[in-house]
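Residue-level structural notes
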Amino acid sequence: MGKPHVLVIPYPAQGHVIPILELAQCLVTHSIEVTFVNTEFNHKRVMNALSDKDKVGGHIHLVSIPDGMESWEDRNDLGKLTSSICQVMPGKLEELIERINGSNDNKVTCIIADESVGWALEVAEKMQIRRAAFWPAAAALLALALSVPKMIEDGIINNHGIPTKDQIIRLSPTMPAMSTTQFVWACIGDLTTQKIIFEVVTRNNKSVGLADWLICNSTYELEPAAFSLFPNILPIGPLLASNRLGSSAGYFWPEDSTCLEWLDQQPANSVIYVAFGSFTVFDNIQFQQLASGLECTNRPFLWVVRPDIADENNDAYPEGFKERVATRGRMVGWAPQQKVLNHPSVACFLSHCGWNSTMEGLSNGIPFLCWPYFADQFLNQSYICDVWKVGLGFNCDESGIIKQGEIKDKVEQLLNDKTIKARALDLKEVAAKSVKEGGCSHNNFNNFIEWLKT
Ligand code: UDP
């Protein structure tokens, strides 16, 4: 048999592209040929953001297919994006595979698809190609999705995924409590978006059954109860997070790596790192409270302010803010986050609790301040604060705003709490062990590689 040739396809969002590209990079180091399929829109962004030093491994072919949307349409509208890709991309993917197989001696031998693009597993089945599904988020979230039929039966949600009442549930006694109003499909966009996302969740629940492997960006030790509910889900999360230090490939925005030199100049364990992932948007009032909160901590901070983070395009900082914090505050458009979290100057991570950010913070032993915004971020906060106890959440005032005083108080409380830091360091060990020989991420990944090569 020739060299295995794996086609890898993410859901077209930053938090999905990064971990599955890391998986692709791990495959390449095991002499596997990889074709990585972005949407045309994201492919352009990735190529524009890629610097020479971050060249993607020579054996990864970065290719693209259309997502079915016009160039000016809003890809942050997840309902629109999801329905468009479901309609257009299966046909385009099939054509792409036919083209590759027609022109290349090394035909595609396996497809690894993000679980959120379950239609790619359907294409693989139709074309009789072996397949694996990749879940980029918490196993608990996948367990929630797979529990949809049972939750409908139990009357927790109706046939459209809408919670029948506002209540707290636990899928099993040791799993984090989940509010039904914070089910991932119930706290994304407007009602139309929620309906689309729920339909896709139920479709993906079926298509994931077509996969020979279901690989998850997490680990047993962090989520034992979730993995025991669905024992066929195999964790490799820490392996991916640890792989991230090498490369910044896959970013949608060019990274500003000068912040690493700035971090070099800060005292050890002093800097508040503030980042909200790729989607979160702030209104001006909240943005200004955050800025003032960071200012009044009197501590050094590194804050990722994406070009599209504020609602309005004008300069949203409080008047004179930049001058006042110039000696101890640094704002960047996009940071090499994994390297930042691995830097000895970083003391804590003020995060929106996206799953990748959660895994990256944990793998580096960094305590969290949690500021969830939508989708699975509330569940992830619950893990961080209530289950692993490695972070603190914020309280809003009566108008739903997190005020500067609250930010200052929680920073102080977190940084003075030695037990939180000690637990964070313990979990860092857990993650590191999982990647070493004999660890579960290491073993699962090696078994997967063996399978790919047979
Ligand atoms: N990220 C980064 N630089 C930044 C902000 C984020 O490299 O300035 C990366 C981060 O390391 C993570 C990903 O972007 O891997 C964001 O994924 P996550 O699941 O945390 O959040 P999402 O963007 O999906 O909400």
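This one's a predicted model, so the numbers in the text were calculated from it and none came from an experiment.

Further remarks concern the overall build of the protein. Scanning the protein from N- to C-terminus turns up 18 helices and 15 strands. Relative to the globule expectation of 22 Å for 454 residues, the C-alpha radius of gyration of the protein, 21 Å, shows essentially globular dimensions. Dimensions of the protein along its principal axes, counting C-alpha atoms only, are 60 × 55 × 50 Å. The 454 residues of the protein split such that 47% are buried. Partitioning the contacts of the protein with sequence separation of at least 6, the portion at a separation of at least 24 is 71%.

For the rest of this paragraph, the subject is the site of the ligand. The full set close to the ligand counts 18 residues, and Gly15, Gly277, Gln337, Gly354 and Ser357 are the nearest of them. Elements represented by at least two residues in the shell around the ligand include exactly helix H1 (14–28), helix H13 (337–341) and helix H14 (355–363). A total of four residues in the shell around the ligand trace back to one element, the largest contributor, which is H14. By residue class, the composition of the shell around the ligand is eight nonpolar, nine polar and one charged. Both domains that furnish three or more residues to the shell around the ligand are identified here as domain 1 (5–246 + 437–453) and domain 2 (258–431).

Turning to the nonpolar core, a few remarks are in order. Counting 131 residues, the largest nonpolar core has Val8, Ala120, Ile272, Tyr273, Val274 and Leu302 as its most contacted members. Top contributing element to this core by residue count: H1, with eight residues. Two domains each put at least three residues into this core: domain 1 (5–246 + 437–453) and domain 2 (258–431). Those residues in contact with tyrosine 273, other than ones at most four positions away along the chain, are Leu302, Val340, Leu341, Val346 and Phe349.

All right, on to the domain arrangement of the protein then. Here the protein is partitioned into domain 1 (5–246 + 437–453) and domain 2 (258–431). When each unit is reduced to the centre of its C-alpha atoms, the spacing between domain 1 and domain 2 is 27 Å. Among the residues forming the side of domain 1 that touches domain 2, the class breakdown is 17 nonpolar, eight polar and two charged.

With respect to the helices and strands, asparagine 204 occurs in helix H7 (residues 191–207). In this structure the C-alpha to C-alpha distance between asparagine 204 and leucine 121, which are 83 residues apart in sequence, comes to 9.2 Å. Aside from chain neighbours lying at most four places away, what touches asparagine 204 is Glu115, Ser116 and Gly118.

Taking burial as the measure, the nine residues of H14 include nine buried ones, the bulk of the element. By the burial criterion, the buried members of H14 are Trp355, Asn356, Ser357, Thr358, Met359, Glu360, Gly361, Leu362 and Ser363. With its phi angle positive at about 70°, glycine 365 sits one or two positions after the end of H14.

In this section: the sheet that holds strand E14 (residues 368–370). With parallel pairing, the six strands of this open sheet are ordered in space as E12-E11-E10-E13-E14-E15. If you trace the sheet from one side to the other, it starts and ends with strand E12 (329–332) and strand E15 (391–393), each paired once. Each strand axis lies, on average, 15° off the axis of its neighbour in the sheet, ignoring direction. Bridge count between E14 and E15: three bridges; the pairing is parallel. When the sheet's bridge partners are listed, phenylalanine 368 is paired in E15 with glycine 391. Of the strands in this sheet, E14 and E15 are in contact with helix H15 (residues 377–387), which crosses E15 at around 120°.

Cut-off values and rules
Residues numbered from 1 in each chain as written. Predicted model: local features only at pLDDT ≥ 70, side-chain atom pairs only at ≥ 80, totals over all residues. Helix = DSSP H or I, 4+ residues; strand = E, 2+ residues; numbered from the N terminus. Rg over C-alpha atoms; globule rule 2.2 N^0.38 Å. Buried ≥ 20, exposed ≤ 12 C-beta atoms within 10 Å, placed from the backbone. Contact = placed C-beta atoms within 7 Å. Near = placed C-beta within 6 Å. Nonpolar A, V, L, I, M, F, W, Y, C, P; charged D, E, K, R; others polar. Domains from an automatic or database assignment. Core = buried A, V, L, I, M, F, W, Y, C linked by C-beta atoms within 7 Å. Pairing = 2+ DSSP bridges. Axes fitted to C-alpha atoms, helices over the stretch in contact; angles between N-to-C directions.

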